[in-house]
Structures are given as structure tokens and as C-alpha cells.
Amino acid sequence: MLVSEPASPKRENTISNPESSPKHSESGTSDESSGTLRHRLLGPSIQKSGQDGVNQAAVSEIIYQASQGSKYFEHQKRKEKELTKKVESIVKQAAKVSNQELEAAEVRVDALIRQYEATRDLTQTIVHVDCDAFYASVEELDHPELKSKPFAVGKGVLCTCNYVARKFGVRSAMAEFVAKKICPELIVLRLNFPKYIEKSNAIRMILSEYDPRHCAMTLDEAYLNITEYCANMNKDREEVVSEMRRRIFETTGLTVSAGIGPNSRVAKIASNVNKPNGQCAIANDREAVMEFMCNLPVRKITGIGYVLERQLLALDVNSCGEIYRKSALLYQIFTDTTMTFLLNCYLGLGSTEVKPIDQYERKSVGCERSFRAISDMAQMKQKLQHVAEDLEKDCKRLNLAGRKLGLKLKKATFEQISRQRPMPRPINTASDFYRYGLQMLEKELPITVRLIGLRITDLVNLSHEGPMKTFLKGQRRHNDRLEDEPSTSMNIHAEFKELFDGSPDMHDDEEIGELVMIIQGSQEEDASGVIDDYRSSAKATAARDIKNEYELQHNTATPLMPVPESESLPLSTDSGDSATALVSCPICGNQVSADDQALNHHVDWCLSRGAIREAVKETFN
DNA sequence: TACATACAC
DNA sequence: CATGGTGTATGTA
């Protein structure tokens, strides 16, 4: 094992440049620093593709002028000021670190590096595929005349835009009115999820041929492990990926970009390198990986956002390779988890395991809505009620209840407040959400808000086990994650049967009725009404499923931040064979994994296809 | 545990 | 005039 010799030969182990190296030096101490404020206002996607010939300075000026004076602007200004202060304090802290401390830190960092290096696995070939301007590209298929015009998709805030619009400086996450100042002729289309889902499904179908266990992160992004496919077909990985991309284009008319590497972190970053309609492969070779990472601006790393980038820049860390150069100093400043994360990035290490999205357990479900700022209690109650109802629908659809309820408020000033309380029992009804949410809201009065949200955590999965077990589980305050009940697919099947033909057999009906009573635990509720909710038309369910589909992608799990391989979590250590056990889906009849979560997810997904077309059209515009 | 923040998409 | 919604992870008191 060579392990002992880190890659970069040089490393700053002395206080050679304690101060004043930041490139974009903050002007005074804590005054305007409008340079960084402009940077902040530019938003997160500056460094994305398609921004080549853009006059960033001019765009920045327009954004600044358009935003100036708004509540949002003032809030950003405050946050920027706070961050600048924090960054200054970090720089000061860095200057105080002694040589002795640095030397000690160096020893420890080297030990960490050896430890992480020992986890390096170069045997897998991971691919990250990323559709190019997905929503916009799908819209172009239906409206070819838009191809030559600048247009975006979204409402209020843009979700994405085509490459023509990007040339103007329009970006995703940009406020619509700001985008129109930058590009007055910009056309803005509303979102049409059914279309995107359909295309996404078509793409996933192809991905499955290369890796049946691929992980679809969102509608337009996925990870694959093509190691086995390459071996079986005896084909080169780049050839395989370019063939896959060609097939996707031929069947859907959409272009995708891909990154290929020994782990998901490298693959993800690589997929952005040749962004529109291209691919980039990093060899499964330590030197190749290290070299690729070395000159990478830290902001390109998933998990390093505006704030961490600012902090790193202030310590003269611009590229990934500089993480090593400054590692002893960084060790003194950042937490262990952040340090672990940074070192893993420097080493180009990442997850080599790809597993389907349905292997992950949801941790929360929530609903929030923005509106014109209000302070009138009657109006706030109305908004709360609405959010509570939406959350209930999601809970019913997902068959979940929560032991904790959180209230989120955004004041007119954009300052956010969150309150959280344990519930006396798992709750999943609008009336409970409203009741307890209101109690929390009342404690904040008087207040002027522009957003109200509710979220439940400490979830109880109602479809996973029998109602009585759920009840008992709810009572056991401790010992959450019980042994996974080997529940058959029977109960799930029964529930869907009920959902569809509305004729559940008596036994299940009683169980559900009982469950509802228990969960509500309240007298004032009419149980039959709630049962009706369970039977709620497939239509309503499907409508929610569109959102579900969208959410499920997000909710995924691949730990975005740190989580080094070394601490690889034994997440859902399934009893192995679940991969081989199959049952037929009650909806489509296809063979699917008998694993409860997997089956559940599949059925959900299946539902979202068939019923969507009819149901959705009327729900969405 | 509760709350605030950062981050992704 | 004017800046979203859903979910996860982490730091800190």
C-alpha cells in the first residue's frame, strides 16, 4: 500500500500568508461590500453552462437595479452583511493559528487522508446523466417555433430556460420580472408536469436497460452503475454511454449530458463539463481522478454553495487542490464533518453504490405557500387551513402520519421562523394540522407573514404494517425503527383495491376505520368522512401524484453532504434477498420487487401514469 | 430537543 | 409592484 504518500507534493504548513489573500477582497470592514451583494443577487446558477458570452457585469447591474429597494433585496443585503462578518471572523481566526497548531493538525489530517484513501474503490463505473434544460427542451418538442426564441418555464420564479435565453443572462431561479428586464422579449411558459413526467419515464425506461437499479434523483437526473452492463456486453464505458445518450435522443428527442467516473461524486461533476449534449469520462485511476479534481473551482462541487465558497475563498482556497494545500488550517477552522467532506472531495472519493430511489426512507413531508404579506388573523387562519388541507392530502396519498409538527413562517421582511412540537399521537388530518399549527402560530402574534408552511417529521408509515401495529408503534415513544415487519404485500394490495373499486372487504374497512379513529383520537371528527378521504377518487390521488412524482425525486437520499465512505451507513440493511423476490404489481401487472417500500413506490409511480392524463389536465390549468 | 441555516433541484 | 416549494443535513444552544 502506497497510501502514505498524498498526491500534492506541496502544502502550506506555515503561516506564510496569514492575511489579505482573498481575491475579491471585501472593501472596508463591514460596509456595503456591494460587490459581493451583486454576486449574491446573481443567484446560484452563474457557473452553469450556457453563460459563455454573457456580459455578466451588465446583467448584474440590471438585477441590482431591478431588485433595489424591495423587501427581498433588503433581506439579501442583511444576510450578505452577516456573512461578510462571519468571513472576516474566520480570517481573523485563521491568522491566530500558530505554527505549532498547524503542525499538529497536519499530522491528524494526514492520518485522515490515509484513512479515506484506504476506502478508495476503483472497480465500479458510475454514470450521472443530466438532461439539458429539461423542461424547456420538452416544451420545444411541442412548440418547435420556440427553439429560436428566448423562453423560460416557470411562474414567478423561473425553473429553467432554453439556451437562447441564457445568452441574455436569464437563469433558473431568477424572478420572472427580473428576467423580463434582462430580456424583454422573453416568453415564459407555465409548468406542465404530466408532459415532463412522460418524457422522464421514457428516459428511465432506457436507463433501466443499462442499470435496472439506477437511481432517478429528479425527473431529469439519474445515477447508474454500468459496471455489470459493460462487463456483460464487453463494451467500453464511453461507447456504452454515448450509445445510451443516442438512444435517448432517438426515442425522446431530448439531449442529455453524462459524466462517467469511479464514483457518483466524480460522475456528477463530470456531467457538467461538456454540458449541452456531451459527456466526460474520468478514468478509474487514482491519478486521473486527482488531476480532475485538482483544478476544479470548489463551487463546482455538489454541496459547496455560496456560503461555504465564500469562506473557502477567504482562506485562499479556490480550487479543490487547494483544499490540500490549506488542509491543516482548514482543520482548525471547520468542523470534523465538513473537514471530512472537503478531504473526500479533494481525494475525489464518493459513493460507488447506486441503488433505486425506493430504497430510501422519507423523513418528512410538508407543504408551504407564499402570498402577499398579511397580518390579519382571519386571513392567516385561512392560509393555514389551506396548507393543512394540502398536507393532509399528501399524508393520505403517502399513507403517513407524523409524531411531530413544524410550523414555518416567513415574515414580510423575509426573515424565517420555525417552530416544532411533538404531537400527543401521530397525526395526519387537516383538522389536527390546523389545530396544532394554529396554537403555534398564535404564540408568534402579532406578526406579518408572506408564507405559511407545515411539516411533519418522525413519520409513521401506515401502509407498511397493520393498523393495530401502527397504533402500538405510535404508543411506544422509544425504539422507533423496529425490526422491519415482514409484512406481505397483501395489505398494500388491499388498500389499493379499496382505493380503486371502492369495495374493500369488510375486514380491511374496519381496520382502516379503526385506524382513523385512533389516529385522530378525537371525538369531534366524523370518522366516516375520513374514510371517504381514504377512498378519495383516484382522480384526486393521481393529481397529487404528479406532485408526488416530482417530490419523490427530490426527497431521494443520496446523502448530499459529507458522509464519507468510511462511515458508510448500514442504512436499510435489507435481508439481502429482497432483490430477487418478485410479485406482480396490482396496477400494471409487471413483476416488481416484493420489498415493501419498493412495491409501494412502484405502485405509486404506476398510479401516477395511468390516471394522470385525465385527472391532471383539469387540475393543472 | 428545538431552531436556524445551507444546500440541492 | 415584485423573488418558489419540497426535502435533507448540519451546527449550536
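The residue numbers shown here count from 1 along each chain, following its written sequence. Labels follow written order: the first chain is A, the first ligand is 1, and so on. With the structure being a predicted model, the display of local features is reserved for residues of pLDDT at least 70 and the display and counting of side-chain atom pairs for 80 or more, all residues being used for whole-chain, interface and lining totals. The side-chain quantities take in all heavy atoms of the structure and omit both hydrogens and water.

Some thoughts on the sheet that holds strand E11 (residues 416-427)
Rules: At least two bridges found by DSSP between two strands is the condition for calling them paired. Labels follow the DSSP assignment, with helices taken as runs of H or I lasting at least four residues and strands as runs of E lasting at least two, numbered in each case from the N terminus. Axis definition: a line fitted to C-alpha atoms, limited for helices to the stretch in contact. Angles are taken between N-to-C directions and run from 0 to 180 degrees. Every residue pair with non-hydrogen atoms within 4.5 Å of one another is taken to be in contact.
Pairing is antiparallel in the open sheet, where four strands are placed in the order E9-E12-E10-E11. Across the chains shown, the open sheet's two edge strands, defined by having one partner strand only, are strand E9 (364-374) and E11. The average undirected angle you get between the axes of adjacent strands in this sheet is 15 degrees. By the bridge criterion, 11 bridges tie strand E10 (residues 400-411) to strand E12 (residues 449-461) in an arrangement that is antiparallel. Residue Leu400 lies in a different strand from E12, and its bridge partner there is Asn461. Across the sheet, helix H17 (residues 377-398) lies against E9, E10 and E12, angled at about 155 degrees from E9, the strand it touches most. Relative to E11, helix H18 (residues 430-442) is tilted by about 140 degrees, and along the sheet it contacts E10, E11 and E12.

Section: the UniProt feature "domain: UmuC" (unreviewed entry) in chain A
Defined as follows: UniProt positions are given in the numbering used here, feature names are shortened, and annotations may be inferred rather than shown by experiment.
The positions UniProt marks with the feature "domain: UmuC" (unreviewed entry) are residues 126-305. Secondary structure content for residues 126-305 is 44% helix and 21% strand, and the end C-alpha separation is 24 Å.

Structural notes on the sheet that holds strand E4 (residues 187-189)
The strand order across the open sheet built from three strands is E3-E2-E4, with neighbouring strands paired in mixed fashion. Looking along the sheet, the strands with just one partner apiece sit at the ends: strand E3 (157-161) and E4. Strand-to-strand, the axes of this sheet are offset by a mean angle of 40 degrees, without reference to chain direction. Note that strand E2 (residues 151-155) and E4 share three bridges and pair parallel. Across the sheet, residue Ala152 finds its bridge partner in E4, namely Val188.

Topic: the packing of helix H1 (residues 34-42) against helix H3 (residues 71-96)
As a reminder of what qualifies: Should an angle lie under 35 degrees it is considered roughly parallel, over 145 roughly antiparallel, and from 65 to 115 roughly perpendicular; all remaining angles are considered oblique. By definition, turning the near helix anticlockwise from the far helix through less than a right angle yields a left-handed crossing, and turning it clockwise yields a right-handed one.
Interaxial distance between H1 and H3 falls to 10 Å at its minimum, and their mutual angle equals 120 degrees. Classified by the interaxial angle, the pair formed by H1 and H3 is oblique. Viewed along their axes, H1 and H3 form a crossing whose handedness is right-handed. Here Thr36, Leu37, Arg40 and Leu41 of H1 lie close against H3, whose contacting residues are Tyr72, Phe73, Gln76, Lys77, Lys79, Glu80, Leu83 and Thr84.

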